[in-house]
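Each chain is listed here by its residues.
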Amino acid sequence: MKRKKVVPITDKKFPLFPRLVATSFGFGFLPVAPGTWGAIFAILVWLPVYLCCTPMVAFIATAVATFVFTVLGTWASTESEKYWGKDPVIACVDETVGQWLSLLPVCVIPHDYWWEILLSLALFRFFDIYKPLGIRSMEKFPGGWGMMADDLLAGAYSVAILLVLNYFIV
């Protein structure tokens, strides 16, 4: 299901904090492919942690960020629908969370395998855009739950592929 252009459906001003969370701190406002920008935002925030911390710390930080922003993102996405309509294109926190989930297997591999970061992005965006294997059915949940659930499942499928790949390569 392709997302629609955002058309405000209320005269009330969308409060700043949920707007920042829903749009991945404004990345959703970037032109063309806001979902991809949301996933790139996830990588940009994650990369310093991956490069500067131990694998265990990077894994835990990524898991905690995924959990916290799943909760915050579900709330902010639900709020965004009140102002911008159903599943607004600029509300891309769901892509940010799905991308963080798909980066979990990358946290524990050597930095020499930098290409897995790009593969993680490609896999996640593939599953998020084409929505195979039951991903599309996740969108049927109400409000922010539906917005988040399909991206979490897309991230989980990416994790599965990366784990198999890491088993045979790393």
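This structure is a prediction, so every number in the text was calculated from the model and none was measured.

Conventions we followed
- Residues numbered from 1 in each chain as written.
- Predicted model: local features only at pLDDT ≥ 70, side-chain atom pairs only at ≥ 80, totals over all residues.
- Heavy atoms only, no water.
- Helix = DSSP H or I, 4+ residues; strand = E, 2+ residues; numbered from the N terminus.
- Rg over C-alpha atoms; globule rule 2.2 N^0.38 Å.
- Buried < 20%, exposed > 50% of the residue type's maximum accessible area, 1.4 Å probe, protein only.
- Contact = heavy atoms within 4.5 Å.
- Salt bridge = Lys/Arg side-chain N within 4 Å of Asp/Glu carboxyl O.
- Core = buried A, V, L, I, M, F, W, Y, C linked by side-chain atoms within 4.5 Å.
- Patch = residues over 30% accessible without salt bridge, like charges linked within 9 Å, V, L, I, M, F, W, Y side chains within 5 Å.
- Areas by Shrake-Rupley, 256 points an atom, 1.4 Å probe, with all protein chains shown as cover.
- Phe/Tyr/Trp six-rings, centres within 6.5 Å; stacked < 30°, edge-to-face > 60°.

### A word on the overall build of the chain
Helix and strand counts for the chain come out as 6 helices and 0 strands. In the chain, the order of α-helices and β-strands from amino to carboxyl end is α-α-α-α-α-α. The globule rule puts the C-alpha radius of gyration for 170 residues at 15 Å, and the 16 Å found for the chain is close to it. Once the C-alpha set of the chain is aligned to its principal axes, its extents read approximately 55 × 35 × 25 Å. Burial analysis of the chain (170 residues in total) assigns 47% to the buried set. Considering only contacts in the chain between residues 6 or more positions apart, those separated by 24 or more positions represent 78%.

### Re the pattern of salt bridges
Tallying each qualifying case throughout the model produces 6 salt bridges. Its salt-bridge partner being Lys82, residue Glu79 comes within 2.8 Å of it at the nearest N-O pair. Within this pair, Glu79 and its partner Lys82 are both found in helix H3 (residues 55-84), separated by 3 residues, close to a single helical turn. Lys82 gets classed as partly exposed once you look at its relative accessible area, which sits at 47%. Lys131 is paired through a salt bridge with Asp128; the nearest N and O atoms lie 3.1 Å apart. Classification of Lys131 as buried rests on a relative accessible area of 10%. For Asp128, a relative accessible area of 5% gives the class buried. A single salt-bridge network, built from bridges that share partners, covers Arg125, Asp128, Lys131, Arg136, Glu139 and Asp150.

### Some remarks on the environment of Pro18
Along the chain, Pro18 falls in helix H1 (residues 16-22). Separated by 124 residues in sequence, Pro18 and Pro142 have C-alpha atoms that sit 18 Å apart. For Pro18, the contacting residues outside a window of four places in its chain are Trp75, Ala76 and Glu79.

### A look at the nonpolar core
Counting 29 residues, the largest nonpolar core has Trp46, Trp100, Leu103, Val106 and Ile117 as the members making the most contacts within it. Those elements that provide at least two residues to this core are H1, helix H2 (34-52), H3, helix H4 (93-107), helix H5 (115-130) and helix H6 (143-169). The element best represented in this core is H4, accounting for 6 residues. With residues near it in sequence (within four places) discarded, Val106 still touches Trp46, Tyr50, Glu116, Ile117, Ser120 and Leu162.

### Some words on a nonpolar patch on the surface
Taken together, the side chains of Met56, Phe59, Ile60, Val64, Phe67, Val68, Val71 and Val108 define a hydrophobic patch exposed on the protein surface, amounting to about 750 Å² of accessible area. Following the sequence through the fold, Phe59 ends up in helix H3. Phe59 gets classed as partly exposed once you look at its relative accessible area, which sits at 33%.

### So, the packing of aromatic side chains
The description of an aromatic ring pair uses the distance of the two centres, along with the angle that the planes make with each other. Within this structure, the stated rule accounts for 14 aromatic pairs. Ring geometry for Phe17 and Trp75: centres 6.0 Å apart, planes at 35°, overall tilted. You can see Phe17 sitting in helix H1 and its partner Trp75 sitting in helix H3, a full 58 residues away along the chain. A residue is classified by how much of its surface remains accessible, and Phe17, at 47% relative accessible area, is partly exposed. In this structure Trp75 comes out as partly exposed when scored by relative accessible area, which is 39%. Ring geometry for Phe29 and Trp84: centres 6.2 Å apart, planes at 85°, overall edge-to-face. Taken as a pair, Phe29 in the loop between H1 and H2 and Trp84 in helix H3 lie far apart in primary sequence, 55 residues in all. Since its relative accessible area comes to 12%, Trp84 is described here as buried. In textbook terms, an aromatic cluster arises when at least three aromatic residues are bridged by ring pairs, as seen for Phe25, Phe27, Phe41, Phe69 and Trp100.

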